Amino acid sequence: MTDDLRARAPETAAPAPRGGDAPSAVLPAEEAGHAEILARSQWQLFRRKFLRHKAAMVSIVVLTAIVLAAIFAEQVAPYGFNEINVLDRGIRPTVENQHFFGTDRLGRDYFSRVVFGMRTSLLVGGLVALLSTAVGTVIGAIAGFYRGWVDAILMRMTDLVLILPGLAVLLVAAALLGGGDPIKVGFILAGLIWVQLARIVRGTFLSLREKEYIEAARASGAGDLRIMFRHMLPNSMGPIIVNATLVVATAILIEATLSFLGFGVQPPRPALGALINDGRSAMTTDWWLVVMPGLTLVAICLCVNFIGDGLRDALDPTQQETV
Amino acid sequence: MATYALRRVLVSIPVVLASTFLVFFFVSLTGDPLADLRAAPNISQAQLDFVRESRGLDQPTAVQYVRWLQSIPGDGFGTYLRNDNRIWPDLQRVLGNTLQLVIAAEILSIIVAITLGVVSAKRQYSFFDYSTTTFSFFGFSMPVFWFALILQIIFVNIFLATDVRIFYTANLSAPNPGTGLAFWVDRFRHLALPIMTLMVISVATYSRYMRASMLEVIHSDYVRTARAKGLREGTVTVKHAMRNALIPVVTITALSFGTVLGGAIVTETVFGLDGMGLYFIRYLGQRDPYPIMAWLLVTAVAVVIANLVADLLYGFLDPRIRYD
């Protein structure tokens, strides 16, 4: 998709000298002549489009609240993660005694458990996004720029990843390496997910390296590293940022699945997937034990996906699609 | 076309072998298959040594791998680590059950997704379009296992409240499923909820692709021509636009076969279905490398076949693509 964009861009208008990949045909007429404010106006363009994306705006507010709650879990949660309230066993969601998400048969407050579990989910999601973006960008850039053996190995790895179901491979890895703590689970997930990002970066770099401005940069004596990181990388930022965002949601869902199946984050560490598994035995009567942690997961991932969608719309003006 | 298919199969053999070797290597690197056996209270060193030698666990990894490969044609993946039951008959049984589930879910998903995609593209930015988009976003953002549990909660409670059992919430068949039509009705009532679970993510994905591809086609010149020469709108949509819009979607459905099998792991675990997914989880929990390796090989072959079908279908649907 991004390749299409880049192939089409020169038709609409001459490519911008640096920064942003938005075709400048949509720029207001009075700004088009001033090269020195072009870069800023593209930023403004992005900002205006992004701010108009209502779902993304609402999502940012909700997600910020969720992240803050997770960071300050000790202050936000009315009870401890494993704190047992003998008098409040099996209560449905109520504001009384602050059992917003109800309690289980032991009397543990599910709102507090969910808040601590969110911390794990967000930690894993953020860690996987950071790691896989960093590794994927560097390897994808090298593969797209130099081709050669790095590219060959990357493409063979992609073949392997495409042939085995990702969830199965991650389950095997987590079972053998021993999941346990969130950091470890994050590393295991990133170990597979970076390949997807590397492919995207490789694709953009492959098409960018043939562009005239790269030739110009080389003619004026710029070295490989300078061309890759000062000229090509800024022009590939759009897809990288969008995918890094979407990876957060993917990683959170996979972590929850691993923990639900018992191969991810292990008790006594809090994890939303494990919480849902805990609630399973009593779920036909105490439905909130399953519904509430799951709704929290849905809320987090929905916010992340909407923000990713908003970023994509704002960064790729020619792209209508929002898969 | 036949040459192309043959070449593709030949090319994918090393990839499948490489992937199984990597997993095998990884498994032998990180896991001691005898760890659980060793922890068992009434096992002697002699028994452990016997298992180790008969399995060839004292050999280098490469030798073990070749032994494992050699065991496939004659021995059908050999036996489990803990007993002498054969792996292949079990794998055949669970593969059949999973294919019933996955194929039914995929066919229904494709029908629903194409309908949703075409209608939302025809009425872009309508209420219907926005609802489908919202549904898709929920589909992407929802843990599959959680949706399965919600379905179980709802249908168990319907049963408890009204004493009417619409769909079963666990297992593949009733204890006495009967024969013929009665058997398949029973099977359907057991598979309905797992199928719904698998469909959510597939419909969410495919309908987005269908909508995008339909939007692209609907504004093309030949569709305008078809309309201009006085064809009815329904004919234009179905016979002209939809046919071409289907091409990328067909590819996506075949390519996402691996993902669907991954979804089946979760779905079958929640509903306790005797399929590939539950089989995988059971032996992964027991840390038995042999059935896991067999599972991965069968799955990899299934994915390769699905990808090949995708490629061939692509050439069949789009005559501009030639394989020679």
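In what follows, the accompanying structure is described. (Residues numbered from 1 in each chain as written. Chains lettered and ligands numbered in written order. Predicted model: local features only at pLDDT ≥ 70, side-chain atom pairs only at ≥ 80, totals over all residues. Heavy atoms only, no water.)

1. Structural notes on the pattern of salt bridges
Inference 1: Applying the stated rule across the entire model yields 14 salt bridges over all chains.
Inference 2: A salt bridge links D286(A) to R105(A), with the shortest nitrogen-to-oxygen separation between them at 2.8 Å. Of this pair, D286(A) sits in the loop between α12 (272-279) and α13 (288-315) while R105(A) sits in the loop between α5 (73-76) and α6 (110-146); the two residues are 181 residues apart in sequence, bridging distant segments of the chain.
Inference 3: By relative accessible area, D286(A) is classed as buried at 6%.
Inference 4: In this structure, the salt-bridge partner of R211(B) is D129(B), at a minimum N-O distance of 2.8 Å. You can see R211(B) sitting in helix α8 (residues 180-218) and its partner D129(B) sitting in helix α6 (residues 127-141), a full 82 residues away along the chain.
Inference 5: Given the relative accessible area of 2%, D129(B) is considered buried.
Inference 6: What emerges from the salt-bridge pattern is a single network uniting R147(A), D151(A) and R202(A). (Salt bridge = Lys/Arg side-chain N within 4 Å of Asp/Glu carboxyl O. Helix = DSSP H or I, 4+ residues; strand = E, 2+ residues; numbered from the N terminus. Buried < 20%, exposed > 50% of the residue type's maximum accessible area, 1.4 Å probe, protein only.)

2. Thoughts on the environment of N83(B)
All names here are of chain B.
Inference 1: Within the secondary structure, N83 sits in the loop between α4 (61-75) and α5 (87-122).
Inference 2: Accessibility expressed as a relative area gives 34% for N83, which makes it partly exposed.
Inference 3: N83 sits 14 residues away from N97 along the chain, and the two C-alpha atoms are 24 Å apart.

3. Digging into the environment of P268(A)
Residues and elements named next belong to chain A.
Inference 1: Relative to the helices and strands, P268 is located in the loop between α11 (224-261) and α12.
Inference 2: A relative accessible area of 63% means that P268 is categorised as exposed.
Inference 3: Dropping the residues within four chain positions of it, P268 is found in contact with F81 and N82. (Contact = heavy atoms within 4.5 Å.)

4. As for the interface of chain A and chain B
Inference 1: In this assembly, 40 residues from chain A lie in contact with 47 residues from chain B.
Inference 2: Both sides together, the interface formed by chain A and chain B hides about 3,900 Å², and carbon and sulfur atoms give 81% of it.
Inference 3: Across the contact surface, chain A and chain B share zero salt bridges.
Inference 4: The interface formed by chain A and chain B contains five residue pairs in polar contact (both at pLDDT 80 or more).
Inference 5: Counting only elements with at least two residues in the side of chain A that touches chain B, the list comes to α7 (148-163), α8 (166-177), α11, α12 and α13 of chain A.
Inference 6: Ranked by residue count, the leading element in the side of chain A that touches chain B is α13(A), at 11 residues.
Inference 7: Here the side of chain A that touches chain B is composed, by residue class, of 30 nonpolar, six polar and four charged. (Buried area = accessible area lost by both parts, 1.4 Å probe. Polar contact = N/O pair within 3.5 Å; in protein donor to acceptor, adjacent residues only side chain to side chain. Nonpolar A, V, L, I, M, F, W, Y, C, P; charged D, E, K, R; others polar.)

5. A closer look at the state of the cysteines
Inference 1: Scanning the model with the defined rule gives zero disulfides over all chains in all.
Inference 2: C303(A) provides the cysteine sulfur closest to C301(A), a residue in no disulfide bond, and the two sulfurs are 9.2 Å apart. (Disulfide = S-S within 2.5 Å.)

6. Some remarks on the packing of α6(A) against α11(A)
All names here are of chain A.
Inference 1: Two elements in contact, α6 and α11, have axes whose closest approach is 7 Å; the angle formed by their N-to-C orientations is 145°. Classified by chirality, the crossing of α11 by α6 is right-handed.
Inference 2: Residue composition of the contact of α6 with α11, grouped by class: 18 nonpolar, six polar and two charged. (Axes fitted to C-alpha atoms, helices over the stretch in contact; angles between N-to-C directions. Left-handed = near helix turned anticlockwise from the far one by under 90°.)

7. Here's the deal with the packing of aromatic side chains
The geometry of two aromatic rings is summed up by the distance between their centres and the angle between their planes.
Inference 1: Within the structure shown, the criterion is met by 21 aromatic pairs over all chains.
Inference 2: A ring pair is formed by F100(A) and F111(A), whose centres lie 5.0 Å apart and whose planes are at 85°; its orientation type is edge-to-face. Residue F100(A) is found in the loop between α5 and α6, and its partner F111(A) is found in helix α6; the two are separated by 11 residues along the sequence.
Inference 3: What makes F100(A) partly exposed here is its relative accessible area of 31%.
Inference 4: Overall, the relative accessible area of 17% leaves F111(A) in the buried class.
Inference 5: Where F183(B) meets W184(B), the ring centres are 5.2 Å apart and the plane angle is 90°; that geometry is what we call edge-to-face.
Inference 6: Following the ring pairs from residue to residue traces out a cluster consisting of F21(B), F24(B), F25(B), Y65(B) and W68(B).
Inference 7: Its guanidinium or amino end placed over the ring of F81(A), R113(A) lies 4.4 Å from that ring's centre, counting from NZ or CZ. (Phe/Tyr/Trp six-rings, centres within 6.5 Å; stacked < 30°, edge-to-face > 60°. Lys NZ or Arg CZ within 6 Å of the ring centre and 35° of its normal.)

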